[in-house]
Amino acid sequence: MNFGDSITCGYTSSPADGTGYIYSNEGYAGQVSMEMEKTPHNLCRPGDLAADMARLWVYPNTNSVMGKNQVYTVMIGTNDANYCGDSNGCIDNWERSAGAAIAWLALPDKDKVLGSAITNTSGSWSRDSDLPIGSSTTDANAAVTFTIDAASAGKILYLAYRVFDPGLRDTTQATVSIDGTVAGQLNSAVDTGHLIATWWSTQESIFLAKYPLVSAGKHTVTLSTASTGGFFSFLWGGISSQNYNNLPGAPSVLLGSVPRAKADDLNYEILLYNKRFLEMANEFQQQGMNVTTVDTFHVYDTSDLSDDLHPNLAGHTKLAAAFQAAF
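Residues numbered from 1 in each chain as written. Predicted model: local features only at pLDDT ≥ 70, side-chain atom pairs only at ≥ 80, totals over all residues. Heavy atoms only, no water.

Asker: Looking at this model, I keep getting lost on the overall build of the protein chain. Mind explaining?
Answerer: Counting secondary structure elements, the protein chain contains six helices and 16 strands. Here the C-alpha atoms of the protein chain give a radius of gyration of 20 Å, agreeing with the 20 Å that 2.2 N^0.38 yields for 327 residues. Just so you have it, the protein chain exposes about 12,800 Å², and 48% of that area is on carbon and sulfur atoms. (Helix = DSSP H or I, 4+ residues; strand = E, 2+ residues; numbered from the N terminus. Rg over C-alpha atoms; globule rule 2.2 N^0.38 Å. Areas by Shrake-Rupley, 256 points an atom, 1.4 Å probe, with all protein chains shown as cover.)

See below:
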């Protein structure tokens, strides 16, 4: 599967032979799929930001499983940089949403504890009606508890949860405790300093929180809601249990950096996103996830653009070659 925005949809490539949101099957994503002798399966939409991609495309349509040789490509951020830039909270919203999507794709299901599967609870929790993998509550002082096993010291515990723009839901906070010690808080109202609200009027997303675990072995994790109550939805907790790089059958994620635009001022913003992109990808790789980065910013120059943002067929062909080489 290929995830992204209008570039993933093949916009301005030629011929315009797609349907729905897919402008052309000759875009880089279609070319990569056909090179792998697979039918293109592009889950994308022009104008999408990372918040759109995670909430609307990745989570409802994927479940990574060992042994299935699943390959995902992800390239998202052009619209985040163009629409939001580096204003307070913009890059944080992008990173937490993109990170939640990438970690979900890269970690096989055996390394995750789904919120819907947790039975050690207090208060009233029920399966999230919008994202059934999760468990949600509106109760005050409600808690879910699960155990996670770190194969070695220095592993990172990942927690995925739903966030909303203020006013969209009666939201609350959840305190994260690890082995009885408070480690942090998760806020179901976006708290990065910038609203989620995207071009498509998406006002919610899925965020990824990260907590380093100092020691190996089993750890008890508890999420407890505030005394004021309000909506909180916990989707999953997970940890990479082994090194999946080059492990046969492991899910593989090819991550494209944010590609070049025509305007220098926008490219400045894009490079800020790409700096964070590399830091995020390096962390996932160090944690053992089968994640490969694709430097798409330097793949083509402005002569390969059909407008301010979108590559022409030559540009898409160069993108496809970069993804194929990475795979």
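What follows continues from the structure just given.
Asker: For this particular structure, what's the right way to read the sheet that holds strand β13 (residues 217–225)?
Answerer: Two pairing modes exist for strands in a sheet, parallel and antiparallel, and in both the strands are linked by backbone hydrogen bonds. Spatially, β5-β8-β13-β10-β11 is the arrangement adopted by the five strands of the open sheet, whose pairing is antiparallel. Across the chains shown, the open sheet's two edge strands, defined by having one partner strand only, are β5 (121–122) and β11 (181–187). (Pairing = 2+ DSSP bridges.)

Asker: It is not clear to me how the pattern of salt bridges should be interpreted in this structure. Could you clarify?
Answerer: Any two side chains of opposite charge can pair, given that their charged atoms come close. All told, the structure shown has 14 salt bridges when counted by the stated rule. Across the pair D111 and K110 runs a salt bridge, and its minimum N-O distance is 3.4 Å. Note on D111: relative accessible area 5%, which makes it buried. Judged by its relative accessible area of 46%, K110 is partly exposed. Among the charged side chains, a network of salt bridges with common partners joins R55, D128, D130, R162, R169 and E204. (Salt bridge = Lys/Arg side-chain N within 4 Å of Asp/Glu carboxyl O. Buried < 20%, exposed > 50% of the residue type's maximum accessible area, 1.4 Å probe, protein only.)

Asker: Please clarify how the nonpolar core should be interpreted in this entry.
Answerer: Taken as a class, soluble globular proteins show a tendency for nonpolar side chains to be buried jointly. The biggest cluster of nonpolar side chains holds 49 residues, and the ones touching the most others in it are F3, Y59, W94, W236, V253 and F284. With 27 residues, the next largest nonpolar core counts A51, L159, A174 and Y211 among its residues. (Core = buried A, V, L, I, M, F, W, Y, C linked by side-chain atoms within 4.5 Å.)

Asker: Explain the environment of S97 to me, please; I cannot follow it from the model alone.
Answerer: You can see S97 is positioned in helix α4 (residues 90–106). By relative accessible area, which is 0% here, S97 ends up buried. Between the C-alpha atom of S97 and that of V214, which follows or precedes it by 117 residues, the distance is 25 Å. Look past the residues within four positions of S97 in its chain and what remains in contact with it is A50, A51, A54, S205, I206 and F207. Among the polar contacts made by the side chain of S97, one reaches the main-chain carbonyl oxygen of N93 at a distance of 3.0 Å. (Contact = heavy atoms within 4.5 Å. Polar contact = N/O pair within 3.5 Å; in protein donor to acceptor, adjacent residues only side chain to side chain.)

Asker: Please explain the state of the cysteines as it appears in this structure.
Answerer: The final tally for this structure, using the stated rule, is two disulfides. Here C9 is linked by a disulfide to C44, with a sulfur-sulfur distance of 2.2 Å. Of note, the bridge from C9 to C44 carries an S-S torsion of about 125° and is right-handed in sense. Note that C9 is positioned in the loop between β1 (2–4) and α1 (28–35) and C44 in strand β2 (residues 42–44), a separation of 35 residues in sequence. Across a sulfur-sulfur distance of 1.9 Å, C84 and C90 are joined as a disulfide pair. Here the disulfide of C84 and C90 is left-handed, its torsion about the S-S bond being about -70°. The cystine pairing of the protein chain, numbering bonded cysteines in sequence order, is 1-2, 3-4. (Disulfide = S-S within 2.5 Å.)

Asker: Explain the packing of α4 against helix α5 (residues 264–286) to me, please; I cannot follow it from the model alone.
Answerer: Packed helix pairs are characterised by how far apart their axes lie and by the angle those axes make with each other. Where α4 contacts α5, the axes come no closer than 11 Å and their chain directions differ by 35°. Like other packed secondary-structure pairs, α4 and α5 cross with a definite hand, here right-handed. Judged by residue contacts, C90, I91, D92, W94, E95, A98, G99, I102 and A103 of α4 engage L272, Y273, R276, F277, M280 and F284 from α5. Of the residues contributing to the contact of α4 with α5, the split by class is eleven nonpolar, one polar and three charged. (Axes fitted to C-alpha atoms, helices over the stretch in contact; angles between N-to-C directions. Left-handed = near helix turned anticlockwise from the far one by under 90°. Nonpolar A, V, L, I, M, F, W, Y, C, P; charged D, E, K, R; others polar.)

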